[in-house]
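Report on the structure
This is what each chain is made of:
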Amino acid sequence: MGKTTSQLAIPKMEMSFEQTDKFHMLDHAFHRPVMSITAPGGFGKSALIANYLLSRARQAFWFNFAEKKWSLEEFVFLLAEGLGISGDEDEILHIQLSILESIAYWESPLSIVLDDFHMNESPEIPAFIHQLIQHASPSINIVLLNRTKPEFPLTKLKIQNKLVEWNEQELTFTKEDTGSFFQQENKSLTAAELDFLHKKLGGWPAALSLVAASLKGSVPVSSEILLEQIPFKELFEEYDPLLKEADDTELSVLYQSSLIHELDPNVIEELGIDYSLLEEIWLNRTFIRHMDGAKSYIPIFRDYLYQKLTSLIGKKQMRSKHEAAAKIYERGYQYYFSFAHFLAAGHFEEAARLMQKMMNMYTPEQFLLLLDGSLEEICPAISTAAFSLFLFRCVPIALLQSYIEPIKKSLASIESEAIPFHKILLRHRLGLVLFYSGEIDDAKELFMKSLKESRAAGSHDLISVNLSLIAQCCRFTGEIEEGIQFARMALTNAEQFNTVDSRMHSSWILTELLLEKKELALAEPLLKDLARLTEEYSDEGAKVYPLIAMGKYYRLTGELNKALECTESGIRRAKKFMLDTDLGWGYLELGMIHLELGEKERGIEQLKKSEKHFSHYRYFNQLLQAIISQTNSGSNAVSAIAERMAPGLSVSLLGNFQLMHNGNEISIKRKSSMRLMVYLASQYGQKIPKERLLEDLFPDGSYHSQNNRFYVSLSALRKSLEPDAASGRQSKYIIQTGESIYFDDQDCSIDLKRFHSLIRASFPSQEEKIANFLEAETLYSGDLLTEFPYESFLEPIRDQTKKSFLDILEEIGLYYWSIEEYTKAQTRFDRILQMDEYNEPIYWKYMRNLLDKGFIKHAKDIAASMELKFEIEMGVPVKQKLQTLFDFYR
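Below: a short report on this structure.

Procedures and definitions
Residues numbered from 1 in each chain as written. Predicted model: local features only at pLDDT ≥ 70, side-chain atom pairs only at ≥ 80, totals over all residues. Heavy atoms only, no water. Helix = DSSP H or I, 4+ residues; strand = E, 2+ residues; numbered from the N terminus. Contact = heavy atoms within 4.5 Å. Core = buried A, V, L, I, M, F, W, Y, C linked by side-chain atoms within 4.5 Å. Buried < 20%, exposed > 50% of the residue type's maximum accessible area, 1.4 Å probe, protein only. Pairing = 2+ DSSP bridges. Patch = residues over 30% accessible without salt bridge, like charges linked within 9 Å, V, L, I, M, F, W, Y side chains within 5 Å. Areas by Shrake-Rupley, 256 points an atom, 1.4 Å probe, with all protein chains shown as cover. Salt bridge = Lys/Arg side-chain N within 4 Å of Asp/Glu carboxyl O. Axes fitted to C-alpha atoms, helices over the stretch in contact; angles between N-to-C directions. Expected span 1.5 Å × (residues − 1). Arc of directions from axis to C-beta. Phe/Tyr/Trp six-rings, centres within 6.5 Å; stacked < 30°, edge-to-face > 60°. Lys, Arg positive; Asp, Glu negative; His and termini not counted. Charge placed at Lys NZ, Arg CZ, Asp CG, Glu CD. Parallel < 35°, antiparallel > 145°, perpendicular 65-115°, else oblique. Nonpolar A, V, L, I, M, F, W, Y, C, P; charged D, E, K, R; others polar. Left-handed = near helix turned anticlockwise from the far one by under 90°.

Re the overall build of the protein chain
- If you tally the helices and strands in the protein chain, you get 47 helices and 14 strands.
- Within the protein chain, contacts between residues separated by at least 24 positions form 65% of all contacts whose residues are at least 6 apart in sequence.

Here's the deal with the environment of L425
- Position of L425 among the secondary structure elements: in helix α26 (residues 421–437).
- C-alpha of L425 to C-alpha of S450: the two residues are 25 residues apart in sequence and 7.5 Å apart in space.

Let's talk about the nonpolar core
- Counting 88 residues, the largest nonpolar core has I49, L254, W282 and Y297 as the members making the most contacts within it.
- The element that contributes the greatest number of residues to this core is helix α18 (residues 299–331), accounting for 11 residues.
- Those residues in contact with L254 that sit more than four places away from it in its chain are L242, L243, L278, I281, W282, F287, Y297 and L305.
- Listed in part, the 74 residues of the second largest apolar core include L513, L514, L530 and L595.

Describing the pairing of strand β8 (residues 649–652)
- With 4 bridges connecting them, β8 and strand β9 (residues 658–661) associate as antiparallel partners. The residue of β9 that forms the bridge with L649 is H661.

Considerations on a nonpolar patch on the surface
- The grouping of Y838, M874 and V876 at the surface amounts to a nonpolar patch, some 250 Å² of accessible area in total.
- Within the secondary structure, Y838 is located in the loop between α44 (822–835) and α45 (840–852).
- For Y838, a relative accessible area of 36% translates into the label partly exposed.

Comments concerning the sheet that holds strand β13 (residues 740–743)
- The strand order β11-β13-β12 describes an open sheet built from 3 strands, whose pairing is antiparallel. Of all the strands in the sheet, just β11 (688–689) and β12 (734–737) have a single pairing partner and so form its edges.
- The sheet contact formed by β11 and β13 spans 2 bridges and is antiparallel. Within the sheet, the bridge partner assigned to I688 lies in β13 and is I741.
- Across the face of the sheet, helix α38 (residues 671–681) comes into contact with β11, β12 and β13 while running at roughly 80° to β13.

Structural notes on unusual backbone geometry
- Unlike most non-glycine residues, Y333 shows phi in positive territory, near 60°.
- Within the secondary structure layout, Y333 lies in the loop between α18 and α19 (335–345).

What about α44?
- When the terminal C-alpha atoms of α44 are compared, their 20 Å separation across 14 residues agrees well with the 20 Å that a helix rising 1.5 Å per residue should span.
- Every buried residue of α44 is listed here: A825, Q826, R828, F829, I832 and L833. One side of α44 carries all its buried residues, which in axial view fall inside an arc of 160°. Turned more than 90 degrees away from the buried face of α44, the exposed residues are T823 and Q834.
- Structurally, α44 contributes buried residues whose contacts are with α42 (766–779), α43 (795–818), α45 and α46 (856–872).

Regarding the packing of aromatic side chains
- In total, this model carries 31 aromatic pairs according to the counting rule given.
- Ring centres of Y679 and F793 lie 4.6 Å apart, and the angle between their planes is 50°; this geometry places the pair in the tilted category. One end of the pair, Y679, is in helix α38; the other, F793, is in the loop between α42 and α43, and 114 residues separate them in sequence.
- The exposure class of F793 is buried, given its relative accessible area of 8%.

Overview of a positive patch on the surface
- Residues R572, K575, R602 and K609 make up a contiguous surface patch of positive charge.
- If you list the elements that add at least two residues to the positive patch, you get α33 (560–577) and α35 (600–613).

Topic: the sheet that holds strand β1 (residues 34–38)
- Spatial ordering of the open sheet is given by β2-β3-β4-β1-β5, a layout of 5 strands whose pairing is parallel. One side of each edge strand has no neighbouring strand; the edge strands of this open sheet are β2 (59–64) and β5 (163–166). Recorded for the sheet is a direction-independent mean angle of 15° between the axes of neighbouring strands.
- Alignment of β2 against strand β3 (residues 110–115), held across 6 bridges, turns out to be parallel. Paired with F63 across the two strands is L114, which belongs to β3.
- Most of the contacts of helix α2 (residues 20–29) go to β5, to which it runs at about 155°, and overall it touches β1 and β5.

Examining the pattern of salt bridges
- Summed over the entire model, instances satisfying the criterion amount to 30 salt bridges.
- The salt bridge involving R754 is made with D441; its shortest N-O contact spans 3.3 Å. Of this pair, R754 sits in helix α41 (residues 751–760) while D441 is found in helix α27 (residues 440–457), placing the two residues 313 residues apart along the sequence.
- Exposure remark for R754: the relative accessible area of 22% places this residue in the partly exposed category.
- For K608, the salt bridge goes to E611, with nearest N and O atoms at 3.6 Å. Pair noted here: K608 and E611 are both in helix α35, with a separation of 3 residues, about one helical turn.
- E611 gets classed as partly exposed once you look at its relative accessible area, which sits at 22%.
- Ionic contacts of the salt-bridge type, sharing partners, join the residues R475, E512, E516 and K552 into one network.

Side note on the packing of helix α15 (residues 248–256) against helix α17 (residues 275–282)
- The contact between α15 and α17 brings their axes to 10 Å, and the two run at 95°. When the axes of α15 and α17 are compared, the pair comes out roughly perpendicular. Counted together, T249, E250, V253 and L254 of α15 and L277, L278, I281 and W282 of α17 form the full contact between these two elements.
- Residues belonging to the contact of α15 with α17 are distributed by class as follows: 6 nonpolar, 1 polar and 1 charged.

A closer look at the side chain of N51
- Relative to the assigned elements, N51 resides in helix α3 (residues 45–55).
- With a relative accessible area of 11%, N51 lands in the buried category.
- N51 has contacts with M13, M15, S16, F17 and F23, leaving out every residue within four places of it along the chain.

Let's talk about a negative patch on the surface
- Together, E269, D274, E279 and E280 give the surface a local cluster of negative charge.
- One can find E279 in helix α17.
- Classification of E279 by relative accessible area gives partly exposed; the value is 40%.

Points about the pairing of β1
- With respect to burial, β1 is a largely interior element, 5 of its 5 residues being buried.
- Neither face of β1 is open: one carries V34, S36 and T38, the other M35 and I37, and all of them are buried.
- Where β1 meets β5, 4 bridges bridge the pair, whose relative direction is parallel. When the sheet's bridge partners are listed, I37 is paired in β5 with W166.

Description of the environment of E81
- Its location among the elements puts E81 in helix α4 (residues 72–83).
- Taking the C-alpha atoms as reference, E81 lies 9.8 Å from I99; in sequence the two are 18 residues apart.

A few points about helix α47 (residues 879–889)
- Taken as a whole, α47 has its buried residues at L882, L885 and F886. Within α47, the buried residues cover an arc of 90° as seen down the axis, which keeps them to one side. Seen from the buried face of α47, the exposed residues on the opposite side, beyond 90 degrees, are Q880, K881 and F888.
- Of the surrounding elements, those touching the buried residues of α47 are α45 and α46.

A word on the packing of α46 against α47
- Remark: α46 packs on α47, axes separated minimally by 10 Å, with the N-to-C direction vectors making an angle of 165°. By the angle between their directions, the pair α46 and α47 is classed as roughly antiparallel. With respect to the hand of their crossing, α46 and α47 are arranged in right-handed fashion. Two secondary-structure elements touch here, α46 through A859, K860, A863, M866, E867 and E871 and α47 through K879, L882 and F886.
- Class assignment of the residues belonging to the contact of α46 with α47 gives a composition of 5 nonpolar, no polar and 4 charged.

Written out as structure tokens, the structure reads:
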């Protein structure tokens, strides 16, 4: 009996893991007489059932048909022994009847597990199993574990409501299962790592075990670690001998099929791949998924095949195959897939052409599919950096701006999620949209956040491009030294982790920053690297910028013929793609070269061409208008200041209100128009419902009267701001959309906006953060709009702004205490108490810091002031606490 018990015992599995949700599903499934689980190897069928039976302490007899070729006699006698039935070997019919009688009255829960039942070779065993099912009591169930559908009347059992069927979809690990499994394995994963692993491994249980065994220490998970450190080849070969046994023809079609994301038979046949042979190879294979009627590979297996194909035929041939796939998809009106394959083929000219077609067809919501990382899944060859830098040069700014709200909504819907990779991408790409829209400060802040998250995710490609784009933001905000630091960090990361696509962009940005500083000797070797990278790089369109940078270098060194040659070469490339930003920068530099040559008329002609391409890019257009204005006035247009320009309209809200245009003060004489101006400007960029605005500014009288007064005030305000505008509807600043009004801050400078961007930014170091706070401190010349003390609509904004200012003063003060610059620290704490006389926590912090550093007299002065304010004026006892504090330090 002991031998029988060990033969029928539930096997012990390496992967002993409780999957709570699946176990609850099995609790219900085991109430049916039969459960059939059919899935390829590696999906954990046996492990799931064994672990479930052990966790529920359920009696079970386990028959393994892969380890033994069972005859009916062997099966029957072993089952009989397990049930406690004895008999002679020549009485098999009697034994069978005894088994059927025994199980008919069996009371305790019992499972009979037939593992790898698809490998059964006895035609008699299925018939006997069917008898067992018909006679068994409700306490007994039969579990069939198969890689392929067994020879068994499952359909009949399903009709009789006796069967529960599962396949690989039910066995696939959810993200929560994956997280719980790694916790059990004592492997600590960040949210980003978990998200990456779940998506890449497709929830395949066997792969999870291999990853857990292979990951050493707390190393951030990235594609490099997965593909280089984990022996997936051995895993695939273990679960699928095909990879070891297949001939060259079979392997060739398997490798070539990895080009396609969804394994569409029509596309595969058009690519010249033998689909019928593929179907034979795919039959019941571990690495195939059937989702929503389509076949696809488990992502990590597709990566493995794709790398094998690349190593066999080389990158040039791979690009040709992607080009062929792109044309096939375009003929089938599948532009999304076609666009992806053109990018992977390096045919950026074709990708740009297709982009124009897609923009006319898709809504912004549909277009978001391009932004959330799904395109990179379609083609493993697409670099995140190359795609980001290419996409936003393709899309006109007017259309780009229509994506801002949909992207923000998409981000808001997933903001509570840990750090899925598509959230990092969306934040990064929203930053790019805002950058091209002229919201440089907001773009920089988003790149900073994406940088932090991409570091957590271990995405070196995205780290490099975020660093590079932060440097580019610094170029336009005039923070040249900071930009140089970020550009150098981007280059270091690109070289360390071989992120080729971002290396050229980083080199170009660093070159531009050095040219801004006239550091020509430092820029020269970078230009040589750029020339080499330009020849190696597949994005023909991206070669425009290095060529223009070379033109600028030669212009600054006085080699104007070389400058013309490089810049005109860049423009010729740009014309192939007809992308506005490329042509805008090209003609801008060409115009400046002609001005340097003394060819004013020709220079202005080129600048006008640039103006045409920058017409929708408000920020870049401002830079251009400054140069044209200076050229027409006879001043030196070719100067550093011509590269950047302060916006024409300047609004001061901190302290006293002031409105300036190109250095001249604007006076708003109508009181109601002035109130409307401060109302809108203090809530810059926010759409305000007209109904709320009427209630706050024009509360008295009928609705008709309110409406009239509003439109009179609005008209007068627009006339004050833009006296030359043909009509109020053409205002650049006061915009009405439907029943909402807002102040468009893109074409102007607002001290409150700058204050917010400075204090909300994130920086790698405390020193850089304090530098921001110090600049914000200089902006705060007084509480918000002090001339309007009784406007209720300003109170919440004023209070919040003041609180933010007091908070940064405290942080600046504490920083100065930490570096022993005590006078500067005391100045900040004194200012806090001047502005907020009853800020009790600050009194205590201030006095403790003073006493720590030995400033006894100053501490006593602060204590006397606190006693006066709290104990004498307010009746709040503090004298005893003060005495205790000083006694402690004494």
